[in-house]
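Here are the chains, one letter per residue:
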Amino acid sequence: MTEQQAEQRQAGQQAGAVRGQPSGRRVAWSRLLKFGSDVLFTFVLPYALLNPRPFGLPDLSSALGTYGVYVLAGLLPTIYIVWDTARHRVLNPFAIFLLAGALSGAAVSFLKLDGVAFALKDALHSGLLVLICLISLAVRRPLFEFLFYGVVAPETPQQSRLLKVALAFPPVRRALARATWLVALKALLLGVASYLVALHFVTLPFGSAAFNAQVATAHAITFPLALILDAIFYGLAAWLTLQATQRLTGGRAWPWEQGFWHELSALNEQHSHHEQSNAD
């Protein structure tokens, strides 16, 4: 085989590898479908359980009791997240974060609270997230370092190692710290909003069907607000970190493109050679 033929074969293999990667459109559709499933199981179905009349659905409180329906609506998102994590067999730091949030939400769903106590419970998750962000910044392990795994979504152990090396560079560490402050600010805003909404709309004593309907109304207000805040603050945090990562490599590839991992691989090799030269 001539040198030219070898180069052509290598180029063909690389092109085939790129074709084997999911296209941007396919990735967009798969993520859109995933988003739809998330909304269905974490909001629409729990809302319908708590307030079945607008949907023309049977009221399960006659069989489960109002408390049973309330607990089931709180457990349903947890069951879905656990099932989804097990189905994809991905247990990265981002997945662990989602599972922890879901399990904590399921635990507090068993509490029989109303009035101010219920409003505080509704804002509990946001308050804990603010605290975790501050602690992670204090120990110099910004929380968004773990959340960024959900943005980039490494699919192999090698990709996870490459991402870990990239996130260790000082410019990226600074971007991760700023991103974590954005996550804390988002959690603070959502927590305050959830508290005020629950305090205003959930006024009846715990245990009645009307109480469950009021809870559904409050969640119908805070859920889209949470989506908007997530899109703004997590989007900005992810953009800051991606920009810092791409400046290291000089590339313009997005995480779902093969070039992104090629750039990180080249950065890793350059870093390894630099460390070896220093050691010699």
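If you're wondering where the values come from, they're calculated on a predicted model, not measured in any experiment.

*Asks:* Would you mind going over the overall build of the protein chain with me for this structure?
*Replies:* Counting its regular elements, the protein chain contains 11 helices and 0 strands. Start at the N end of the protein chain and walk to the C end: the helices and strands fall as α-α-α-α-α-α-α-α-α-α-α. Taking all 280 residues of the protein chain together, 36% fall into the buried category. Within the protein chain, residue pairs in contact and separated by at least 24 positions form 71% of the contacts whose partners lie at least 6 positions apart. A total of about 16,100 Å² of accessible surface is found on the protein chain, and carbon and sulfur atoms cover 65% of it.

*Asks:* So what exactly am I meant to see when it comes to the pattern of salt bridges here?
*Replies:* When their charged atoms lie close together, side chains carrying opposite charge are able to pair. Evaluation of the coordinates by the stated rule reveals 3 salt bridges. Here Glu145 ties to Arg141 by a salt bridge, and the two come within 3.3 Å at their closest N and O atoms. On the basis of relative accessible area, Glu145 is assigned to the buried category, the value being 9%.

*Asks:* Just checking my understanding: could you explain the packing of helix H7 (residues 144-152) against helix H9 (residues 170-201) for this structure?
*Replies:* Geometry of a packed helix pair, given as the angle between the helix axes and the separation of the axes. Contact geometry of H7 with H9 gives a least axis separation of 9 Å together with a crossing angle of 90°. In this view, H7 runs roughly perpendicular relative to H9, as classed from their interaxial angle. Of the residues in H9, those in contact with Phe144, Glu145 and Leu147 of H7 are Arg173, Leu176, Ala179, Thr180 and Val183.

*Asks:* Sorry if this is basic, but what is going on with unusual backbone geometry here?
*Replies:* Excluding glycine, residues mostly have negative phi values, and the peptide bonds linking residues are mostly trans. For Arg140, which is not glycine, the phi dihedral falls at a positive 60°. Along the chain, Arg140 turns up in the loop between helix H6 (124-138) and H7. On the accessibility criterion, Arg140 (71% relative accessible area) is exposed.

*Asks:* Which parts of the structure should I look at to understand the confidence of the model for the protein chain?
*Replies:* Note: predicted coordinates in regions of low pLDDT should not be interpreted at a detailed level. Taken over all residues, the pLDDT of the protein chain has a mean of 77, while the share at 70 or more is 78%. Least confident of the elements in the protein chain is helix H1 (residues 3-20), whose mean pLDDT is 40; most confident is H9, at 93. Segment residues 1-21 is flagged for pLDDT under 50; beyond a separation of four residues in sequence, or across chains, it makes 7 contacts in the model.

*Asks:* Sorry, what's going on with the packing of H7 against helix H8 (residues 157-166) here?
*Replies:* As a packed pair, H7 and H8 sit with axes 12 Å apart at the nearest point and diverge in direction by 130°. With respect to their mutual orientation, H7 and H8 come out oblique. Crossing handedness for the pair H7 and H8: right-handed. Residues Phe148, Tyr149 and Val152 of H7 touch H8, and the partners they reach there are Ser160, Leu163 and Lys164.

*Asks:* Help me understand a nonpolar patch on the surface in this model?
*Replies:* On the surface, Leu124, Leu128, Leu131, Ile132, Ile135 and Val139 cluster together into a nonpolar patch covering about 510 Å² of accessible area. Secondary-structure assignment places Leu124 in helix H6. For Leu124, a relative accessible area of 38% translates into the label partly exposed.

*Asks:* Whenever I open this one, H7 confuses me. Can you help?
*Replies:* An α-helix turns once every 3.6 residues. As a result, residues three or four positions apart point the same way. Where H7 is concerned, the buried positions are Phe144, Glu145, Leu147, Phe148, Tyr149 and Val152. After H7 finishes, the residue Ala153 shows a positive phi value of roughly 55°.

*Asks:* Would you mind going over the environment of Val202 with me for this structure?
*Replies:* As for its placement among the helices and strands, Val202 is situated in the loop between H9 and helix H10 (209-249). Spatially, the C-alpha atoms of Val202 and Ala216 are 9.2 Å apart, while their sequence positions differ by 14 residues. Those residues within four positions of Val202 in sequence are excluded, and the remaining contacts are Gly115, Phe118, Val197, Phe211, Gln214, Val215 and Ala218.

*Asks:* What's the story with the packing of aromatic side chains in this structure? I'm lost.
*Replies:* When we look at a pair of aromatic rings, we describe it by the centre distance and by the angle of the planes. Tallied over the full model, the rule gives 7 aromatic pairs. When the ring of Phe144 is compared with that of Phe148, the centres are 6.1 Å apart and the planes differ by 45°; the resulting orientation is tilted. Residue Phe144 and its partner Phe148 are both found in helix H7; the two are separated by 4 residues, about one turn of the helix. Taking relative accessible area as the criterion, Phe144 reaches 1% and is therefore assigned buried. With a relative accessible area of 0%, Phe148 lands in the buried category. Ring pairing ties together the aromatic residues Tyr67, Tyr70, Phe118, Phe206 and Phe211, which thus form one cluster.

*Asks:* I keep staring at the side chain of Thr241 and nothing clicks. Help me out?
*Replies:* With respect to the helices and strands, Thr241 occurs in helix H10. Every residue in contact with Thr241, bar those within four places of it in the chain, is listed here: Phe144, Phe148, Leu167, Val172, Ala175, Leu176 and Ala179.

Reading the values: the criteria
Residues numbered from 1 in each chain as written. Predicted model: local features only at pLDDT ≥ 70, side-chain atom pairs only at ≥ 80, totals over all residues. Heavy atoms only, no water. Helix = DSSP H or I, 4+ residues; strand = E, 2+ residues; numbered from the N terminus. Buried < 20%, exposed > 50% of the residue type's maximum accessible area, 1.4 Å probe, protein only. Contact = heavy atoms within 4.5 Å. Areas by Shrake-Rupley, 256 points an atom, 1.4 Å probe, with all protein chains shown as cover. Salt bridge = Lys/Arg side-chain N within 4 Å of Asp/Glu carboxyl O. Axes fitted to C-alpha atoms, helices over the stretch in contact; angles between N-to-C directions. Parallel < 35°, antiparallel > 145°, perpendicular 65-115°, else oblique. pLDDT = per-residue confidence, 0-100. Left-handed = near helix turned anticlockwise from the far one by under 90°. Patch = residues over 30% accessible without salt bridge, like charges linked within 9 Å, V, L, I, M, F, W, Y side chains within 5 Å. Phe/Tyr/Trp six-rings, centres within 6.5 Å; stacked < 30°, edge-to-face > 60°.

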